[in-house]
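# Descriptive structure summary
Here's the letter readout for the chains.
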Amino acid sequence: MSKEWPLWEIFVRSENGLAHKHVGSLHAADSEMAVQNARDLYTRRNEGVSIWVVKSSDIVATDPSQSEALFEPSEDKTYRHATFYHVPEGVKHL
Amino acid sequence: MYTSISDGIVGAAESGDEREAAFNERLDRSVKVEPNDWMPEPYRKTLVRQISQHAHSEIVGMLPEGNWITRAPSLLRKLILLAKVQDEAGHGLYLYSAAETLDTPRDAMVEALLTGKAKYSSIFNYPTLTWADVGAIGWLVDGAAIINQIPLTRCSYGPYARAMVRICKEESFHQRQGFDVMWKLAHGTPEQHAMAQDALDRWWWPSVMMFGPPDSASPHNEQSMRWKIKLFTNDELRRKFIDQTVPQAEQLGLSIPDPDLRWNDVTQHYDIGAIEWDEFYRVIKGEGPCNRERLQARIDAWDDGAWVRDAALAYADKHAAKETSAA
């Protein structure tokens, strides 16, 4: 059996003004083919105006087993949110 | 699959049981499972089987309808059918990608299909004899698929659920174009009407069987429901399909080929005649009208495309090497 084509992660900007969003992945021999395949696979119904393709093996992600250590400390810092503060009655534009 | 920054580092020393308990607790809270999360091996295996067989069904499903692309009755019908069959390819690819996030290589899944190890929906082993079959497939087979798939947009595995959202959006076009074909035929000449009735006669029972064996004989139901990768039982989904499709057949002026079919005022559902499960198991075992033809078509496509896959890779490697040496 021949070697498998590399896997690419596909990001599509649905309209100008919005960020590219991950939509899925596909196989392609090179970046040019990845863009062509992404266009056929993920934008058949006006879903996008711009496509990014990134080799899946180039993406580095956080480890889910570390997510407590990484993300939970911010949960008890409620003073980082505006809603933490009491606004005295009558005070405006705050 | 992408790598994780601490790959190779052993995480918190939790035992298998603790991990499984935490996994189940998250499922109960409807927290989705994502690719790099820890999951029990049977959950992973069941998902790979379910998603890849779903993908195979989409890919093999292109064959019966592809049969009519060159003979569609008008240019518009041809464009619609081309778009539909292209969507089926797309659905197969979304699903293969979702299964690959579970660390199963694409080629392994394709090989499982081509060697007959993996199954695909038995409905695609029936032939498309007339143009009306294209209508019946869209209306009934895609209609049944929608009922199966809509709950899966809420299933516990993130990539599968997201693929299903995209698929369901496109399936409603498939069902409507099929119903539209049936409507035109059913309201056409007597010959066209008879053609529509004949297609319904042949596709009705296989469509009813698409939901799988009755709950009493379905081994995977209970565990899959606990894992939230199946949200309704086969019989519940089948009943929903029948309840929504029978009135549509009436509106088409066609009759469902089931003499025992009647509305039940007590249950508020239709009662149906006995399903011939022997036929279902025969077709699954490979003895349907087109099993061999369908599988051979996939094997030929894979073998005939091998040189293209190799050439594209050789070209990409050569260019990559050139860029490296120029740098």
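Thresholds applied
Residues numbered from 1 in each chain as written. Chains lettered and ligands numbered in written order. Predicted model: local features only at pLDDT ≥ 70, side-chain atom pairs only at ≥ 80, totals over all residues. Heavy atoms only, no water. Helix = DSSP H or I, 4+ residues; strand = E, 2+ residues; numbered from the N terminus. Rg over C-alpha atoms; globule rule 2.2 N^0.38 Å. Buried < 20%, exposed > 50% of the residue type's maximum accessible area, 1.4 Å probe, protein only. Lys, Arg positive; Asp, Glu negative; His and termini not counted. Charge placed at Lys NZ, Arg CZ, Asp CG, Glu CD. Areas by Shrake-Rupley, 256 points an atom, 1.4 Å probe, with all protein chains shown as cover. Polar contact = N/O pair within 3.5 Å; in protein donor to acceptor, adjacent residues only side chain to side chain. Phe/Tyr/Trp six-rings, centres within 6.5 Å; stacked < 30°, edge-to-face > 60°. Patch = residues over 30% accessible without salt bridge, like charges linked within 9 Å, V, L, I, M, F, W, Y side chains within 5 Å. Salt bridge = Lys/Arg side-chain N within 4 Å of Asp/Glu carboxyl O. Contact = heavy atoms within 4.5 Å. Expected span 1.5 Å × (residues − 1). Arc of directions from axis to C-beta. Pairing = 2+ DSSP bridges. Axes fitted to C-alpha atoms, helices over the stretch in contact; angles between N-to-C directions. pLDDT = per-residue confidence, 0-100. Parallel < 35°, antiparallel > 145°, perpendicular 65-115°, else oblique. Nonpolar A, V, L, I, M, F, W, Y, C, P; charged D, E, K, R; others polar.

What follows deals with the overall build of chain A. Tallying secondary structure elements over chain A gives two helices and four strands in all. Its helices and strands taken in sequence order, chain A reads β-β-α-β-β-α from the N to the C terminus. Its C-alpha atoms give chain A a radius of gyration of 21 Å, clearly above 12 Å, the size a compact globule of 94 residues would have. Along the three orthogonal principal directions, the C-alpha set of chain A runs to about 70 × 35 × 15 Å. In chain A, which comprises 94 residues, the share counted as buried stands at 28%. Taking the average place of the 10 positive charges on the side chains of chain A and the average place of its 14 negative ones, the gap between the two points comes to 7 Å.

The next subject is the overall build of chain B. Helices and strands together make up the secondary structure of chain B, namely 13 helices and three strands. Every one of the 327 residues in chain B was classed for burial, and the buried ones make up 50%. Of the roughly 16,000 Å² of accessible surface on chain B, 56% is carried by carbon and sulfur atoms.

Relative to the elements of secondary structure, Thr46 of chain B occurs in helix 2 (residues 41-60). Among the polar contacts listed, one links the side chain of Thr46 of chain B to the backbone oxygen of Pro42 of chain B, at a separation of 2.6 Å.

Turning to the packing of aromatic side chains, a few remarks are in order. Two aromatic rings are characterised by how far apart their centres lie and by the angle between their planes. Going through the model one piece at a time under the given rule, you end up with 15 aromatic pairs over all chains. Both rings, one in Phe84 of chain A and one in Tyr85 of chain A, keep their centres 4.9 Å apart while their planes meet at 85 degrees; by these two values the pair is edge-to-face. Assessed through its relative accessible area of 46%, Tyr85 of chain A is described here as partly exposed. On the basis of an interplanar angle of 45 degrees and a centroid distance of 5.5 Å, the ring pair of Phe211 of chain B and Phe241 of chain B is categorised as tilted.

Among the surface-exposed residues, Leu75, Leu76, Leu79 and Leu82 of chain B lie close enough to one another that they form a single nonpolar patch of about 420 Å² accessible area. Within the element layout of this structure, Leu75 of chain B appears in helix 4 (residues 75-100).

Below, the discussion takes up the interface of chain A and chain B. Chain A puts 29 residues into the contact, and the matching count from chain B is 32 residues. Along the contact surface separating chain A from chain B lie four salt bridges. The salt bridge involving Arg44 of chain A is made with Glu170 of chain B; its shortest N-O contact spans 3.0 Å. Between chain A and chain B we count 11 residue pairs in polar contact (both at pLDDT 80 or more) in total.

Glancing now at helix 1 (residues 16-28) of chain B. All names here are of chain B. Taking 1.5 Å of rise per residue, the 13 residues of helix 1 would be expected to cover 18 Å, and the 18 Å separating its terminal C-alpha atoms lies within 8% of that figure. All of the buried residues along helix 1 are Phe23, Asn24 and Leu27. Relative to the axis of helix 1, the buried residues are bounded by an arc of 95 degrees and lie together on one face. The inward-facing, buried residues of helix 1 abut helix 2 and helix 9 (221-226). Just beyond helix 1, the residue with positive phi is Ser30, at close to 60 degrees.

Residue and element names in this part refer to chain A. If you trace the three strands from one edge of the open sheet to the other, you get 2-1-3, paired in antiparallel fashion. Edge strands, defined here as strands with exactly one partner in the open sheet, are strand 2 (21-27) and strand 3 (50-55). On average, each strand axis in the sheet is tilted by 30 degrees relative to the strand beside it, whichever way the strands run. As judged from the six bridges shared by strand 1 (residues 7-13) and strand 3, these two strands associate in the antiparallel manner. Among the inter-strand pairings, Val12 is bridged to a residue of strand 3, identified as Ile51. Helix-sheet contacts for helix 1 (residues 31-42) involve strand 1, strand 2 and strand 3, and the interaxial angle to strand 2 is about 115 degrees.

Let's shift gears to the confidence of the model for chain B. Residue and element names in this part refer to chain B. With 95% of its residues at a pLDDT of 70 or more, chain B shows a mean pLDDT of 93. When pLDDT is averaged over each element of chain B, helix 8 (residues 190-209) comes out on top at 98 and strand 1 (residues 3-4) at the bottom at 51. A low-confidence stretch, residues 5-13 stays under pLDDT 50, and its non-local contacts, those more than four residues away or across chains, total seven contacts. We note a pTM of 0.91 for the whole complex and an ipTM of 0.87 for its interfaces.

In this section: unusual backbone geometry. Residue and element names in this part refer to chain B. The residue Ser30 is not glycine, and still its phi comes out positive at about 60 degrees. Although it is not a glycine, Lys228 sits at a positive phi angle of roughly 60 degrees. Tracing the backbone shows Lys228 in the loop between helix 9 and helix 10 (234-252). Exposure remark for Lys228: the relative accessible area of 23% places this residue in the partly exposed category.

Turning next to the side chain of Ser156 of chain B. Residue and element names in this part refer to chain B. Considering the arrangement of structural elements, one finds Ser156 in the loop between helix 6 (131-149) and helix 7 (158-186). Accessibility expressed as a relative area gives 4% for Ser156, which makes it buried. Reaching out from Ser156, the side chain makes a polar contact with the side chain of Tyr43 at a distance of 2.8 Å. Within polar-contact distance, the side chain of Ser156 engages the backbone oxygen of Trp227 at 2.7 Å. Beyond its immediate chain neighbours, meaning those up to four positions away, Ser156 contacts Leu27, Lys32, Val33, Tyr43, Trp227, Lys228 and Ile229.

To continue, consider the packing of helix 5 (residues 106-114) of chain B against helix 12 (residues 291-304) of chain B. Residues and elements named next belong to chain B. Across the interface, helix 5 lies against helix 12 with an axial gap of 9 Å and an inter-helix angle of 140 degrees. As summarised for this structure, helix 5 and helix 12 are arranged oblique, according to the angle between their axes. Taken together, the residues of helix 12 that come into contact with helix 5 (itself represented by Asp107, Val110, Leu113 and Leu114) are Leu295, Arg298, Ile299 and Trp302. Looking at the contact of helix 5 with helix 12, its residues break down into six nonpolar, no polar and two charged.

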